Amino acid sequence: MSGATIYEAPRPAEKAGETVVTSTCGHNCGGRCVVNAHVVDGKIARISTDARRWDPDHPPLPACARGVGQIERVYHPDRLKYPMRRTGPRGSGEFERISWDEALDTVAREMLRVRDQYGNAAILDGSRSGSTSSLHGRNAAKRFLHMFGGCTNLWSNMSCEAEVFAIRHTFGHDINYKAAGREPTDYVNSKLILMWGWSPGDGTFGTGTMPYLKWAKENGTRIICVDPRRTRTSKQLTDEHIFIRPSTDAAALIAMAQVIVAEGLHDAAFCQRYVQGFDEATLPPEAPAGSSYLSYLMGDTDGVVKSPEWASPITGIPAETIRQLAIDFATSKPAAIHGGYAPGRTAFGEQFHRAAYALAAMTGSIGTPGGNAGPSNGATGRAGIKMLPAGKNPIDSEVATPFLGDLLLKGKAGGFPADIKLIYSSGGDLFNQCSNASKLAKALDNVEFIVGQDHFLTPTTRHADILLPATTFWERNDVHTPWAGAGHYGIFMQQAIKPMYECRNDMDIYADLAQRVGINGYSLQSEEAWLRELTEDAVDDFDAFREQGVARMPKPDDAVAFAKQIRDPENHKFATPSGKIEIYSSFLGENPDPYGLGEITPIPTWVPHADLPDDAAYPLRLCSPKSRARTHSIHGNQPQLAKVDPDDVWMHPADAEARGIAQGDKVRVFNTYGATSLAARVTEDVALGVVSINEGAWFTPDADGTDMSGCANAVTADTVAPSGAMTYNTNFVQVSAVDRASDGVLIA
């Protein structure tokens, strides 16, 4: 990197009687934007953002509606104000106020009891991404639990474990998945951008992503979107939208690859030099004959040519559309494929990502300006800013996240490492965000104690025994960096107001608990000292950073990942066993079932997966995209912000007509896992046979167990992909109208 760090204050001048401080939302939203608090008489009067005009060389960092909506959140009447103790049945939401000393003494006593009686593996870290900043984030909880002797950890990334897995086995195990894509500044260099299950206009995916895509389009870049829904991004940017059935993406990509090789459009020289396993000549010596990707595509071993005609009935895409898409991608040099996370949240989601990376490799698109390796993240990671060190978990007790319900229900009897007796949930709404919400709510009989450390009585914390009210990011200092590994900046999260009510900072809560359970050295520094240490490798003037708010770091030498490996392969090899891009994974060739969750072929393949056993009863495929009104479940209780993206179920007109459903009708979406009720949106913006419900609405079951808020996870299966990934988008439901007169389900 070259150049100097630039410090800037992207906020308006203060008016008489107000103080303006800069921060950023500390949530897992996909952006990292400027939010400025205008403080009058110790209270945030309004929120502004970065209002500078867009400049591709020095882009502003404007916030979306969620950032401005933080004022509704921080002053929400339902904020947890005081420590509370459960008085009613678990899940009833009945609590009484207690003192901090009583609350912390109780938590410490229960933690010591469970550790002594059952061992550390009986403690589950239920914390997640409610706060993702450097200091007061999930690492604060992990640091405490690790110093306490360890805990059972849910190891798989709920958003993108399939991508994490695919990157490791294609490009190398030491690759940061958030630094395996390219910077938005490079979009303009592409002749064609293929957005596959990726909608930054809905899920953000980097504060500057949409402006840079618009800039690319203005400069002649063609953009094509493949998605079950015509997304906000697609409507604004794309030249063509291709509808696809959820959970069939790998088949379409494989068919595209078959067309490219059949037409001789692949980059043979690139494959020969940089790729393992594209054809028989580039297979490793230990690989069986006929196990190359080319052999699979052409049906040499199984007799099935993976042609567009083969893929069309699987994907719902016309064969000619697949063929033309393949030709366009291979002949538009340079072209870039951006694979989103959603197609990887499927039964064999790792194969989608691996097939996307294979397509990028065989067309020579990796490591070159205007090309991309296949991920939709950036290429820089955290720009040198560190996280609070969590230390190593002293015990080896890990469970894939999709198994949470089974872990709680079955424990050791089900083959899991422990019977969970205590859950510590800090900033994690797992009972809402994991699949099969009804099962999770019923799986807590054996859990003896739950700690809920959060801002609200969420679907998770309402099951807690002790509630600990935490501060929001407005009430403390912290530091944050771009979420998607895109951009080269940090934002100082300046405290705007004093902690409200009796809320306390996460670090302070853990420090007090540490003293009570006999931990020495949890936090030997002040908040400022920690932040100086965590930023010392990236920020050369901490005082200027704190005062100004934003630090722009020097840009990297390359805007695309793996440019060094392609430019100088002798001195910069890929971190794989072969030193090359591995379409054929040497590791998977020797270890086809790495997690005991099912075999994964050494090359990308289409793995047919049946619908539910009673799929005739549940014929519609459900997908659950991001809401522009929420960050996962955060903001799920804000009625004003909810107007930005109302919760409803998208249905194709033909599917709605067949069920007697009209626009705005209240409907019931159901399957064997549960049911949810919400309004119907009848639209041609969703594929035939597909329904769509935004993820993150708060699970609110009625007396019969039907969710009344449109929670997608009321009807998602708690199954797991072989890579450990969640399978939210391999899901099948039925939809029926609800009788307006009796509010009961219509019986056909």
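This section reports on the structure supplied with the text. (Residues numbered from 1 in each chain as written. Predicted model: local features only at pLDDT ≥ 70, side-chain atom pairs only at ≥ 80, totals over all residues. Heavy atoms only, no water.)

## Digging into the overall build of the protein chain
- Each helix and strand in the protein chain was counted, giving 24 helices and 27 strands.
- Computed over C-alpha atoms, the radius of gyration of the protein chain comes to 25 Å, within 12% of the 27 Å expected from 2.2 N^0.38 for 748 residues, which places it in the range of a compact globule.
- Expressed along its principal axes, the backbone C-alpha trace of the protein chain runs to roughly 70 × 70 × 50 Å.
- Counting the 748 residues in the protein chain, one finds 63% classified as buried. (Helix = DSSP H or I, 4+ residues; strand = E, 2+ residues; numbered from the N terminus. Rg over C-alpha atoms; globule rule 2.2 N^0.38 Å. Buried < 20%, exposed > 50% of the residue type's maximum accessible area, 1.4 Å probe, protein only.)

## Let's talk about helix H7 (residues 209-218)
- Of the residues making up H7, those classed as buried are Thr209, Met210, Tyr212, Leu213 and Ala216. Taken end-on, H7 shows its buried residues confined to a sector of 165°, consistent with a single buried face.
- Packed against the buried residues of H7 are strand E9 (192-196), helix H6 (200-203), strand E10 (222-226) and helix H8 (232-237).
- Once H7 ends, the next one or two residues include glycine 220, with phi positive near 105°. (Arc of directions from axis to C-beta. Contact = heavy atoms within 4.5 Å.)

## Things to note about the pairing of strand E2 (residues 19-23)
- With 4 of its 5 residues buried, E2 lies for the most part within the structure.
- Two elements, E2 and strand E3 (residues 35-40), share 5 bridges in a ladder whose sense is antiparallel. Residue pairing in the sheet places threonine 19 in a bridge with valine 39 of E3. (Pairing = 2+ DSSP bridges.)

## Focus: helix H13 (residues 319-331)
- With 13 residues, H13 extends 19 Å from end C-alpha to end C-alpha; this agrees with the ideal 18 Å at 1.5 Å per step.
- When H13 is considered as a whole, its buried residues turn out to be Ala319, Ile322, Leu325, Ala326, Asp328, Phe329 and Ala330. (Expected span 1.5 Å × (residues − 1).)

## Topic: the sheet that holds strand E4 (residues 43-49)
- One open sheet accounts for 3 strands, arranged E2-E3-E4; its pairing is antiparallel. Both outer strands of the open sheet, E2 and E4, are each paired with one neighbouring strand and no more. Between one strand axis and the next, the sheet turns through 30° on average, direction left out of account. (Axes fitted to C-alpha atoms, helices over the stretch in contact; angles between N-to-C directions.)

## Observations regarding the nonpolar core
- Within the largest apolar cluster, 83 residues are counted, with the highest numbers of intra-cluster contacts made by Phe171, Trp196, Met256 and Tyr293.
- By residue number, the principal contributor to this core is helix H9 (residues 249-262), which donates 11 residues. (Core = buried A, V, L, I, M, F, W, Y, C linked by side-chain atoms within 4.5 Å.)

## What to know about the environment of threonine 152
- Here threonine 152 is to be found in the loop between helix H4 (138-147) and strand E8 (153-154).
- Residue threonine 152 is classed as buried on the basis of its relative accessible area of 0%.
- Between the C-alpha atoms of threonine 152 and alanine 269, which are 117 residues apart in sequence, the distance is 48 Å.
- When near neighbours in sequence (up to four residues on either side) are disregarded, threonine 152 contacts Asn120, Ala121, Ile123, Leu124, Asp125, Ser397, Val399, Leu407, Ala418 and Ile420.

## Structural notes on the sheet that holds strand E24 (residues 666-671)
- With mixed pairing, the 6 strands of this closed barrel are ordered in space as E22-E26-E23-E25-E24-E27. For this sheet, the mean inter-axis angle between neighbouring strands, taken without regard to orientation, is 45°.
- Judged from the 2 bridges that link them, strand E22 (residues 620-623) and strand E27 (residues 732-737) form a sheet pairing that is antiparallel. Counted as the bridge partner of leucine 620 is valine 733 from E27.

## Observations concerning unusual backbone geometry
- The linkage connecting lysine 333 with the following residue, proline 334, adopts the cis geometry, with an omega of -5°.
- Here proline 334 lies in the loop between H13 and strand E13 (335-339).
- A positive phi is found at aspartate 41, a non-glycine position, where the angle reads about 55°.
- Topologically, aspartate 41 is positioned in the loop between E3 and E4.

## Re the packing of H4 against helix H18 (residues 506-517)
- Running from N to C, H4 and H18 cross one another at 5°; their axes reach a closest spacing of 10 Å. In terms of orientation, H4 lies roughly parallel with respect to H18. Residues Ala140, Ala141 and Phe144 of H4 lie in contact with H18, whose contacting residues are Met507, Tyr510, Leu513, Ala514 and Val517.
- Among the residues making up the contact of H4 with H18, the classes are represented as 8 nonpolar, no polar and no charged. (Parallel < 35°, antiparallel > 145°, perpendicular 65-115°, else oblique. Nonpolar A, V, L, I, M, F, W, Y, C, P; charged D, E, K, R; others polar.)

## A few points about the packing of helix H3 (residues 100-118) against H18
- H18 packs onto H3 with a crossing angle of 55° between their chain directions and a minimal axis gap of 9 Å. Comparing the axis directions of H3 and H18 gives the class oblique. Note on packing geometry: the crossing formed by H3 with H18 is right-handed. Across the interface between the two elements, Trp100, Asp101, Leu104, Asp105, Val107, Ala108 and Leu112 from H3 touch Ile509, Asp512, Leu513, Arg516 and Val517 from H18.
- Here the contact of H3 with H18 is composed, by residue class, of 8 nonpolar, no polar and 4 charged. (Left-handed = near helix turned anticlockwise from the far one by under 90°.)

## Some points on the pairing of E4
- Alignment of E3 against E4, held across 6 bridges, turns out to be antiparallel. The residue bridging asparagine 36 from the neighbouring strand is serine 48, located in E4.
- The loop that links E3 with its antiparallel partner E4 comprises 2 residues; one of these, aspartate 41, has a positive phi angle of about 55°.

## Comments concerning the environment of glycine 88
- Along the polypeptide, glycine 88 turns up in the loop between strand E5 (84-86) and strand E6 (95-97).
- By relative accessible area, glycine 88 is classed as buried at 10%.
- A sequence separation of 377 residues divides glycine 88 from aspartate 465, and the C-alpha atoms of the two residues are 9.7 Å apart.

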